[in-house]
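So the chains spell out like this:
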Amino acid sequence: MALQDVCGFLETLDDISPCTYQPNEMGYMWRTPLEFDRDSAFHFLSPPQQCSRKNRAPTLFSSTFSSLSPHQQPFQLSHGTTTLGFIFQDGVIAAADTRASCKGLICCPISQKIMPIHSHLVVNTSGSGADCMLWERILTREMRLYQLRHRKRLSVNGAAKLLSMMLHPFKGTNVCVAATLCGWDGEETQKTIQSCMEISDVKEAVEQDSNGSAISDESAQGSVKMASVNEQDEISKDTQALNPTVSDQNTKNVLSTFGGRSGPRVCYVCSDGLQLKGEIISVGSGSPYAYAVLDDGWRWGMTVDEAVALAREAVFRATHWDAYSGNNVDLFHITAHGWRRRDREDLKEEYYREREREKKKIKEREKERQKKEGDKLVEGEGDI
Amino acid sequence: MMISAQAYGGNGKVKEYHYTGPVEHKFSPYAFNGGTVLAVAGEDFALVASDTRLSEGYSIHSRDSPKCYKLTDTTVIGCSGFHGDCLTLTKIIEARLKMYKHSNNKSMTSGAIAAMLSTILYGRRFFPYYVYNIIGGLDEEGRGAVYSFDPVGSYQRDTYKAGGSASAMLQPLLDNQIGFKNMENVEQLPLSQEKAVQLVKDVFISAAERDVYTGDALKICIITKEGVREEIVPLRKD
């Protein structure tokens, strides 16, 4: 088709697929659209190459404009964010703001930066919006294929390596993906870890009179995806109250498995090839502010409430100081049962609550000061 | 060339305010042809509206070049930016729609078209289509859906979105009128079709007042389960 030739629609297939063309019944060497999904992870995309193509007449596109530098592009891609992820004794918390900005304009105030990959893995994305969205789709597909081929889920470290290897051909181009993979490795039938779940309303540790946000129980929904493959899945839907003796046991068990095969993990992957593992990871223009709050409050032995409050506070402070972060907070909590999503919270209300609290504090300080002055006067008279 | 006396400074030399030597102009494959597109999703309808002015620099190429393209009975796409890329992109989408229809024996749904467009745009990540797309249509349940894109394929589903040259002016107005943002203690009524059409007309009239690339006429495509209906409203021509 002439249009396909001009646009190089089938050109990209030639560059990257290692397999040879099979002539179909008609004897043609064309690849039909149905064969697109077969072999390569990037059947629609290839990194820009400078090699000349002798078997095809050079089109205007391939010879001159095989890669357009960002300076020539008349538009800017979206950047600027605060995302964070940390592990603690009861799983992983992943939190992010929801602002997508493009130079000075907010393209989208309600974008979703945390995307679930499967029932036990969630990825925080930052960098260029389109790159993150499309690479997350590619990663999801590759992980699903891995699971179908090998009958077990890829670990968080394995997923990080996979993503890093897939991004490597694009090093040096302006693909910008900074992803934090947050997940739980291991089988979810471990009984020791199961009983430390609590499904209840989460109230902020700081606020007493605010609206409590309920964690919507999507772990069952998330686990159903994997149920068909892993016959040993037992999805527990019963609500279990937190048992103090059991939780002590859990801490010991999880601590002993930390560094072993299963447990909570966070991994950072960057499009320039950097891969980091750790306990606390924060990415984006607001990350310095988030790190300050997280470093102050993080302990391995935190409860779920404390961890959620810490993550929320970190994002809130970062959105306050960073111009490119703002709007709402998304929060995910991943445990051995899967991920659960906290309702998206608008930070506008939090600013007003903060101001109310400040006003109260100022009033109380005033009262105390007056009281002290009153006491001093009384004492003074007494001495004389 | 006549040089007036104002060009000479106190000591008799020509005043130079800027570099006047040779300048190298590189060929740019892109041009900006202006235009604004807007889409609104309602309970059981969707609107896609665009102006019909095609401009470049200080000239107007055409006053009758609408930017809405009908894809299926339930989906309309609005493309603004570089007109050459808009034309090619819509041809590619239409070709892919036909291929899908022939191999799957059904038309593509709005959500599927959006996902496909995302991969088409990302396929040109290193030489992008300079097009700001907005898809408006009905989803499988018959509710209105709007999908907005950036030039490289990042997309998401919205209730309303403005794109193109006047987007920065129109988006805050839509945030206020349809999203009820920045309003306290207001009753949030769902948007009816008549109110939405009237709002879109008012919004474009304001855009034509302040944006030089928007004007001439407004074309609104109203998508309901009965099909796609078009309305044309004149705008400022200056």
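What you see is a predicted model; the values in this text were computed from it and never measured.

J.: Any details on the overall build of chain B? Residues and values, ideally.
T.: Across its full length, chain B carries four helices and twelve strands. Counting every position in chain B, which comprises 238 residues, the buried fraction comes to 53%. Put simply, chain B shows about 12,200 Å² of open surface, and 52% of that area lies on carbon and sulfur atoms.

J.: Before we move on, could you go through the nonpolar core and cite the residues and values that matter?
T.: Membership of the largest hydrophobic core comes to 53 residues, with the highest contact counts inside it found for A:Trp135, A:Leu181 and B:Ile93. In this structure, A:Leu181 is in contact with A:Ile117, A:Leu121, A:Val122, A:Val123, A:Leu139, A:Val156, A:Ala159, A:Ala160, A:Arg265, A:Val266, A:Cys267 and A:Val269, ignoring residues within four places of it in sequence. Counting 42 residues, the second-largest nonpolar core is a separate cluster that includes A:Ile281, A:Val315, A:Val329 and A:Leu331.

J.: Quick one: what's the story with the sheet that holds strand S2 (residues 46-51) of chain B, residue by residue and with numbers?
T.: Residues and elements named next belong to chain B. Taken in spatial order, the five strands line up as S10-S1-S2-S11-S12 in an open sheet, and their pairing is antiparallel. Only two strands of the sheet have a single neighbouring strand rather than two, namely strand S10 (160-164) and strand S12 (227-234). When strand polarity is set aside, the average angle formed by the axes of neighbouring strands in this sheet is 15 degrees. In this structure, strand S1 (residues 36-41) lies alongside S2, joined through five bridges in antiparallel fashion. Bridge pairing links valine 37 to serine 50 in S2. Across the sheet, helix H3 (residues 167-177) is in contact with S1 and S10; its angle to S10 comes to roughly 170 degrees. Along the sheet, helix H4 (residues 193-210) contacts S1, S2, strand S11 (217-224) and S12; its crossing angle with S11, the most-contacted strand, is approximately 160 degrees.

J.: Quick one: what's the story with the packing of H3(B) against H4(B), residue by residue and with numbers?
T.: Helix-helix packing: each pair is described by the crossing angle between the helix axes and the interaxial distance. Residue and element names in this part refer to chain B. Here H3 crosses H4 at 150 degrees, and the two axes come no closer than 10 Å. Between H3 and H4, the angle is such that the two are roughly antiparallel. In this structure, the crossing between H3 and H4 has a hand that is right-handed. Across the interface between the two elements, Met169, Leu170, Leu173, Leu174 and Gln177 of H3 pack against Leu199, Val203, Ser206, Ala207 and Arg210 of H4. Among the residues making up the contact of H3 with H4, the classes are represented as seven nonpolar, two polar and one charged.

J.: Can you break down H4(B) residue by residue, with the values?
T.: All names here are of chain B. With 18 residues, H4 ought to run about 26 Å at 1.5 Å a step, and its terminal C-alpha atoms sit 26 Å apart, in line with that. Ala196, Val197, Leu199, Val200, Lys201, Val203, Phe204, Ala207 and Ala208 are the residues of H4 that are buried. On its buried face, H4 is in contact with S1, S2, H3, S11 and S12.

J.: Residues and numbers for the pairing of strand S9 (residues 155-158) of chain B, please.
T.: Residue and element names in this part refer to chain B. Pairing of strand S8 (residues 144-149) with S9, which is carried by four bridges, proceeds in the antiparallel orientation. Pairing of serine 148 across the sheet is with glutamine 156, part of S9. Counting the residues that bridge the hairpin from S8 to S9 gives five residues, and of these glycine 153 lies at a positive phi of roughly 110 degrees.

J.: I'd love a proper account of the packing of aromatic side chains, names of residues and values included.
T.: Within this structure, the stated rule accounts for 13 aromatic pairs over all chains. Arranged with centres 6.0 Å apart and planes meeting at 15 degrees, the rings of A:Phe170 and B:Phe126 form a pair that is stacked. Remark: B:Phe126 occurs in the loop between helix H2 (110-122) and strand S7 (131-138) and A:Phe170 occurs in the loop between helix H5 (156-167) and strand S7 (177-185); the pair is interchain, linking two chains. On the basis of relative accessibility, which here comes to 2%, the residue A:Phe170 falls in the buried class. An aromatic cluster is present here, built from B:Tyr30, B:Phe32, B:Phe82, B:Phe127, B:Tyr130, B:Tyr132 and B:Tyr213 joined pairwise through their rings. One cation-aromatic arrangement involves B:Arg124 over B:Phe127; the distance from NZ or CZ to the ring centre is 4.9 Å. Lying across the ring of B:Tyr129, B:Arg124 places its NZ or CZ 4.4 Å from the centre.

J.: How would you explain the pairing of strand S1 (residues 83-88) of chain A if you had to name every residue and give the values?
T.: All names here are of chain A. The buried count for S1 comes to six of six residues, which makes it a mostly enclosed element. Side-chain alternation along S1 places Thr83, Gly85 and Ile87 on one buried face and Leu84, Phe86 and Phe88 on a second face that is also buried. Where S1 lies against strand S12 (residues 280-283), four bridges are found, and the strand directions are antiparallel. When the sheet's bridge partners are listed, phenylalanine 86 is paired in S12 with isoleucine 280. Where S1 meets strand S2 (residues 91-97), six bridges bridge the pair, whose relative direction is antiparallel. Its bridge partner being in S2, threonine 83 is matched across the sheet by alanine 96. The loop that links S1 with its antiparallel partner S2 comprises two residues.

J.: Talk me through the sheet that holds strand S6 (residues 121-127) of chain A; I want residue IDs and the actual numbers.
T.: Residue and element names in this part refer to chain A. The antiparallel open sheet is built from five strands, whose spatial order is S5-S6-S7-S10-S11. Each end of this open sheet is capped by a strand with a single partner; those strands are strand S5 (114-118) and strand S11 (275-278). Across the sheet, the mean angle from the axis of one strand to that of its neighbour is 25 degrees, orientation sign disregarded. Lying on the sheet, helix H4 (residues 129-150) is in contact with S5, S6 and S7; it crosses S5 at an angle near 15 degrees. The sheet strands contacting H5 are S6, S7, strand S10 (263-270) and S11, and the helix crosses S10 at an angle near 10 degrees.

J.: Which residues make up the packing of helix H1 (residues 83-104) of chain B against H2(B), and what values do they have?
T.: Residue and element names in this part refer to chain B. Running from amino to carboxyl end, H1 crosses H2 at an angle of 125 degrees, the nearest separation of the two axes being 11 Å. Classified by the angle between their axes, H1 and H2 sit oblique to one another. For the pair H1 and H2, the crossing hand works out as right-handed. Between H1 and H2, the contacting residues are Leu89, Ile92, Ile93, Arg96 and Leu97 on the first element and Ile113, Met116, Leu117, Ile120 and Leu121 on the second.

J.: For the pattern of salt bridges, give the residues involved together with the corresponding values.
T.: What the rule picks out here adds up to 28 salt bridges over all chains. A salt bridge links B:Glu231 to B:Arg229; the shortest N-O distance between them is 3.7 Å. With a relative accessible area of 42%, B:Arg229 lands in the partly exposed category. Linked through salt bridges whose partners overlap, the residues forming this network are A:Arg312, A:Glu313, A:Arg317, A:Glu350, A:Arg353, A:Glu354 and A:Arg357.

What counts, and where the lines are drawn
- Residues numbered from 1 in each chain as written.
- Chains lettered and ligands numbered in written order.
- Predicted model: local features only at pLDDT ≥ 70, side-chain atom pairs only at ≥ 80, totals over all residues.
- Heavy atoms only, no water.
- Helix = DSSP H or I, 4+ residues; strand = E, 2+ residues; numbered from the N terminus.
- Buried < 20%, exposed > 50% of the residue type's maximum accessible area, 1.4 Å probe, protein only.
- Areas by Shrake-Rupley, 256 points an atom, 1.4 Å probe, with all protein chains shown as cover.
- Core = buried A, V, L, I, M, F, W, Y, C linked by side-chain atoms within 4.5 Å.
- Contact = heavy atoms within 4.5 Å.
- Pairing = 2+ DSSP bridges.
- Axes fitted to C-alpha atoms, helices over the stretch in contact; angles between N-to-C directions.
- Parallel < 35°, antiparallel > 145°, perpendicular 65-115°, else oblique.
- Left-handed = near helix turned anticlockwise from the far one by under 90°.
- Nonpolar A, V, L, I, M, F, W, Y, C, P; charged D, E, K, R; others polar.
- Expected span 1.5 Å × (residues − 1).
- Phe/Tyr/Trp six-rings, centres within 6.5 Å; stacked < 30°, edge-to-face > 60°.
- Lys NZ or Arg CZ within 6 Å of the ring centre and 35° of its normal.
- Salt bridge = Lys/Arg side-chain N within 4 Å of Asp/Glu carboxyl O.

None of the figures reported here should be taken as evidence of function without further support.
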